[in-house]
Amino acid sequence: MMTDPSMNLLYKRHVDLLKNVLLNEFGTENGLRIAYLLYCMDTSQPYDLDKVINIHRHQADKVEALRQDPNGQHNYRERMFGFPYTMIGRARLDSLQTMVETVLCENISGDFLEAGVWRGGASIFMRAMLELWEDSDRKVYVADSFQGLPPPLLQQDENLNFHLDPTLSVGIDVVKGHFARFGLLDDRVKFMPGWFEDTLRASEPSQLAILRADGDLYKSTMDILDALYDRVTPGGFVIIDDYGAIPACRLAVEDFRRAHGIDQPIHTIDWTGAYWRA
Ligand SMILES: C[S@@+](CC[C@H](N)C(=O)[O-])C[C@H]1O[C@@H](n2cnc3c(N)ncnc32)[C@H](O)[C@@H]1O
């Protein structure tokens with residue numbers, strides 16, 4: 001029987017610090033610093049060192065706007081340039097914590113898999129939680145092209161040109177390096193590089209307690225659900241990161257659930273994240 005550490009004060013402090021770091025909550029201003037320097041370069045202006053150092057005074061309104069938006073709904077560019085390890089924001093990371101704890105407390109069998117990992121932060125968080133709970137056998141599967149999104153091929157994804165956005169392309173060595181920084185790059189982390197349609201039907205993992213789908217597009221979301229939904233243990237969690245923000249993603253979920261007669265209620269996490277229990 002696994003010991004539940006979640007009432008321990010040190011555990012709470014540790015998990016909170018981990019989330020602070022993964023979300024770049026301590027370095028919010030750095031994204032504004034880089035955006036300011038890029039602006040100077042783009043407009044051939046000399047930079048003002050005082051603005052770089054004291055950005056909190058020069059752009060107090062923008063600093064405040066970022067702080068007031070912990071769930072990452074606005075100011076994408078400024079947040080990304082702060083280089084968080086994950087873009088999912090506070091509420092979705094808090095919710096992921098609750099799901100991992102629920103799976104471990106209720107002994108729901110299966111591994112954890114994130115499809116669409118970007119810089120790896122949400123997957124790093126799941127691996128870190130397993131370590132804190134002294135879980136000795138669950139694995140974390142990390143599935144991504146590691147070269148950004150595919151171009152939109154289906155009509156449902158028309159005009160979703162995320163493949164043109166270089167901020168969405170993060171190489172596998174970079175992601176492995178991020179796991180290593182947290183001391184969590186070990187044989188319990190399994191990388192699945194390539195397009196979802198080619199990689200997710202592999203025989204492993206055979207059972208999932210958490211399936212985190214974060215592929216943005218209709219096709220990517222459908223590829224994830226088609227390949228993996230049957231492997232989610234009853235009571236396990238299916239998380240759809242882009243359910244609120246991207247109508248094409250939501251449509252894929254609705255089509256899939258209708259086709260498979262899934263009527264478990266969908267719960268909203270924040271402005272975009274949603275989940276249901278299988
Ligand atoms: C929005 S990002 C994921 C954000 C991440 N979960 C986080 O915690 O910040 C979307 C990711 O999905 C990947 N992706 C989208 N569609 C894909 C596909 N069909 N095959 C492989 N990777 C895909 C992209 O490479 C990108 O890394």
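Starting from 1, residues in each chain are numbered consecutively following that chain's sequence as written. Per-residue local features of the predicted model are confined to residues with pLDDT of at least 70, and side-chain atom pairs are confined, for both listing and counting, to 80 or more; whole-chain, interface and lining totals are unaffected and use all residues. Excluding hydrogens and water, the side-chain values take into account all heavy atoms of the structure.

Quick notes on the site of the ligand
Thought 1: Only a single heavy atom is needed: when it lies within 4 Å of a molecule or strand, its residue is near that molecule or strand. Around the ligand, a shell composed of 22 residues is seen, among which Thr86, Gly116, Asp144, Asp214 and Ser220 lie nearest.
Thought 2: One of the backbone nitrogen or oxygen atoms of Phe196 is found 3.0 Å away from a nitrogen atom of the ligand.
Thought 3: All accessible-area figures derive from a Shrake-Rupley calculation using a 1.4 Å probe, and residue coverage is judged against the displayed protein chains alone. Within the complex, the protein chains bury 98% of what would otherwise be the 600 Å² of accessible surface of the ligand.
Thought 4: In this classification, the charged set is Asp, Glu, Lys and Arg, the nonpolar set is Ala, Val, Leu, Ile, Met, Phe, Trp, Tyr, Cys and Pro, and all remaining amino acids, among them Gly, are polar. Of the residues that constitute the shell around the ligand, the class distribution is 10 nonpolar, 7 polar and 5 charged. Within 3.5 Å is the distance limit for a polar contact, defined as a pair of N or O atoms, with the added protein rule that one can donate a hydrogen and the other accept it, and that residues adjacent in sequence qualify only through two side-chain atoms.

Focus on the packing of helix α1 (residues 9-22) against helix α7 (residues 89-105)
Thought 1: What counts as an axis is a line fitted to C-alpha atoms, over the stretch in contact for a helix, and the angles between N-to-C directions run from 0 to 180 degrees. Here a strand is any run of E in DSSP of at least two residues, a helix any run of H or I of at least four, and the numbering for each starts at the N terminus. Between α1 and α7, whose axes approach to 11 Å, the crossing angle comes to 140°. Between α1 and α7, the angle is such that the two are oblique. When the axes of α1 and α7 are compared, the crossing they make is right-handed. Within the contact between the two elements, α1 uses Tyr11, Val15, Asp16, Lys19, Asn20 and Leu22 and α7 uses Arg90, Leu93, Asp94, Gln97 and Glu101.
Thought 2: In terms of residue class, the contact of α1 with α7 is built from 4 nonpolar, 2 polar and 5 charged. When describing relative orientation, an angle under 35 degrees is termed roughly parallel and one over 145 degrees roughly antiparallel, while 65 to 115 degrees is termed roughly perpendicular and anything else oblique. A crossing counts as left-handed when the near helix is turned anticlockwise from the far one by less than a right angle, and as right-handed when that turn is clockwise. Residue contacts follow a heavy-atom distance rule, with two residues in contact if any of their heavy atoms lie within 4.5 Å.

Details of the pattern of salt bridges
Thought 1: Salt bridge criterion: a side-chain nitrogen from Lys or Arg within 4 Å of a carboxyl oxygen from Asp or Glu. Overall, the coordinates contain 19 salt bridges when judged by the stated rule.
Thought 2: Between Asp223 and Lys219 there is a salt bridge, with the nearest N and O atoms lying 2.8 Å from each other. Of the two residues, Asp223 and Lys219 are both situated in helix α11 (residues 218-228); the distance of 4 residues between them amounts to about one turn of the helix.
Thought 3: A salt bridge links Asp255 to Arg258; the nearest nitrogen and oxygen atoms lie 3.3 Å apart. Here Asp255 pairs with Arg258, and both are found in helix α12 (residues 247-259), just 3 residues apart, close to one helical turn.
Thought 4: Only protein chains enter the area calculation, which uses a 1.4 Å probe; residues under 20% of their type maximum are buried, those over 50% are exposed, and those in between are partly exposed. For Arg258, a relative accessible area of 60% gives the class exposed.
Thought 5: Linked through salt bridges whose partners overlap, the residues forming this network are Arg92, Glu114, Arg212, Asp214, Asp241 and Asp270.

What about the sheet that holds strand β1 (residues 111-115)?
Thought 1: A pair of strands is considered paired only if DSSP assigns at least 2 bridges between the two. Pairing in this open sheet of 7 strands is mixed, and the strands run β3-β2-β1-β4-β5-β7-β6 from one edge to the other. For this open sheet the edge positions go to β3 (189-193) and β6 (267-268), each flanked by a neighbour on one side alone.
Thought 2: Sheet topology places β1 next to strand β2 (residues 140-144); 4 bridges connect them, and they run parallel. The residue of β2 that forms the bridge with Ala115 is Ala143.
Thought 3: Against the sheet, α7 contacts β1, β4 (208-213), β5 (232-240) and β7 (274-277), and its axis sits at roughly 165° relative to β4.

It is worth stressing that arrangement in space is one thing and function is another; only the former is reported here.
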